[in-house]
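Residue-level structure breakdown
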Amino acid sequence: MIQLFEKYYRLLILVSSGLQSPFLLAVRLYWGWQFMQTGWGKLTDIGKVVQFFTDLGIPAPALNAYFVSALEFGGGMLLILGLGSRLIALPLTVDMIVAYITADREALLSIFSNPDKFTAAAPYTFLVASLIVLIFGPGRFSLDALLAARRADRQVQSTADGGSRVVVQN
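A brief look at the structure comes next. Owing to the predicted nature of the structure, the values given are computational and were not obtained by experimental measurement.

As for the packing of helix 2 (residues 20-44) against helix 4 (residues 61-81)
Interaxial distance between helix 2 and helix 4 falls to 7 Å at its minimum, and their mutual angle equals 155°. Considered as vectors, helix 2 and helix 4 are oriented roughly antiparallel to each other. The element helix 2 and its partner helix 4 pack so that their crossing is left-handed. Where helix 2 abuts helix 4, its residues R28, L29, G32, W33, F35, M36, T38, G39, W40, K42 and L43 lie against V68, S69, A70, E72, F73, G76, M77, L79, I80 and L81. A breakdown of the residues in the contact of helix 2 with helix 4 according to their chemical character gives 13 nonpolar, 5 polar and 3 charged.

If you want it as structure tokens, here you go:
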């Protein structure tokens with residue numbers, strides 16, 4: 001009985017592990033598009049964003065409005081491409097944390113007392129998507145993976161040509 005359980009458990013691990021990269025691709029495509037749309041919306045109505053940031057008491061509201069708008073638009077493009085994914089996921093994560101602190105403070109403070117309010121706030125799914133990419137990376141279906149494979153091929157080639165490099169792959 002235990003052996004049968006172990007067999008099916010290993011099968012579950014194999015199948016679910018095979019879904020990791022398609023899942024990460026779906027997260028990057030969908031949330032990259034969402035970030036692009038919100039960034040573009042802010043860029044095309046920047047005056048409204050500057051006023052909103054001013055009302056929230058954010059320092060240098062015009063500078064921060066342009067920065068956040070460009071970060072979300074450009075970061076969304078990079079997520080879609082899977083290029084610099086973890087690098088861009090970090091400032092996007094910080095962006096969403098700041099959005100909680102400044103624009104959705106009540107939802108943030110209700111994280112334990114009313115989790116539904118916390119998860120219903122606008123930054124929540126953007127934050128989760130950013131954290132997923134930051135923690136797990138972009139997956140195999142990304143420019144990051146393609147570039148890493150090309151770098152590894154070049155390192156192996158230089159070793160084969162008599163170079164002193166040793167490639168260690170994890």
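Some points on helix 2
Taking 1.5 Å as the rise per residue, helix 2 with 25 residues should run 36 Å; its terminal C-alpha atoms sit 36 Å apart, in good agreement. Along its buried surface, helix 2 packs onto helix 4, helix 5 (85-103) and helix 8 (123-136).

Some thoughts on the side chain of S142
Along the polypeptide, S142 turns up in the loop between helix 8 and helix 9 (143-160). A polar contact of 2.9 Å, which involves the side chain of S142, links it to the backbone oxygen of G139. Ignoring any residue separated from it by four or fewer positions in sequence, one finds S142 in contact with R28, L81 and G82.

A few points about the pattern of salt bridges
Enumeration over the complete set of coordinates arrives at 3 salt bridges. The salt bridge partner of R10 is E6, with a shortest N-O separation of 4.0 Å. A residue pair is termed a helical-turn pair when its members lie 3 or 4 positions apart in one helix, as R10 and E6 do in helix 1 (residues 2-18) at 4 residues. For R10, a relative accessible area of 52% corresponds to the exposed category. The exposure class of E6 is partly exposed, given its relative accessible area of 38%. The residue E106 makes a salt bridge to K117 at a minimum N-O spacing of 2.2 Å. A residue pair is termed long-range when its members are at least 10 positions apart, and E106 in helix 6 (residues 105-109) and K117 in helix 7 (residues 115-120) qualify at 11 residues. By relative accessible area, which is 31% here, K117 ends up partly exposed.

Here we look at the packing of aromatic side chains
Summed over all chains, the structure comprises 8 aromatic pairs. Judged by centre distance (5.0 Å) and plane angle (70°), the rings of W31 and F126 are edge-to-face. Of this pair, W31 sits in helix 2 while F126 sits in helix 8, and the two are 95 residues apart along the sequence. F126 carries the same exposure label as W31, and that label is buried. Between the aromatic rings of W40 and F73, the centroid separation amounts to 5.6 Å while the plane-to-plane angle is 45°, which identifies the pairing as tilted. Of this pair, W40 sits in helix 2 while F73 sits in helix 4, placing them 33 residues apart in sequence. For F73, a relative accessible area of 21% puts it in the partly exposed group. Pairwise contacts between aromatic rings join Y30, W31, F35 and F126 into one cluster.

What counts, and where the lines are drawn
- Each residue is numbered by its place in its chain's sequence as written, counting from 1.
- In view of the model being predicted, local features appear only for residues whose pLDDT reaches at least 70, and side-chain atom pairs are presented and counted only at 80 or more, with totals across whole chains, interfaces and linings using the full set of residues.
- Values reported for side chains reflect all heavy atoms of the structure, with hydrogen atoms and water molecules removed beforehand.
- Here the axes come from fitting lines to C-alpha atoms, over the contacting stretch only for helices, and the angles between their N-to-C directions go from 0 to 180 degrees.
- Here a helix means four or more residues in a row that DSSP labels H or I, a strand means two or more in a row labelled E, and each is numbered from the N terminus.
- The cut-offs work like this: below 35 degrees is roughly parallel, past 145 is roughly antiparallel, 65 to 115 is roughly perpendicular, and the gaps in between are oblique.
- Should the near helix be turned anticlockwise from the far one by less than a right angle, the crossing is termed left-handed; should it be turned clockwise, right-handed.
- Whether two residues are in contact is decided by their heavy atoms, any of which lying within 4.5 Å being enough.
- Under this grouping Gly is polar, as are all residues other than the nonpolar Ala, Val, Leu, Ile, Met, Phe, Trp, Tyr, Cys and Pro and the charged Asp, Glu, Lys and Arg.
- To estimate how far a helix should reach, multiply one less than its number of residues by 1.5 Å.
- Whenever two N or O atoms come within 3.5 Å, that pair is a polar contact, provided that in protein one can donate a hydrogen and the other can accept it, and provided that, for residues adjacent in sequence, both atoms are side-chain atoms.
- Salt bridge, as used here, is a side-chain nitrogen of Lys or Arg placed within 4 Å of a carboxyl oxygen of Asp or Glu.
- Only protein chains enter the calculation, and the probe is 1.4 Å; a residue is then buried if its accessible area is under 20% of its type maximum, exposed if over 50%, and partly exposed in between.
- Stacked, tilted and edge-to-face pairs are distinguished by plane angle, under 30 degrees for stacked and over 60 for edge-to-face with tilted covering the rest, among Phe, Tyr and Trp rings (Trp via its six-membered ring) whose centres lie within 6.5 Å.

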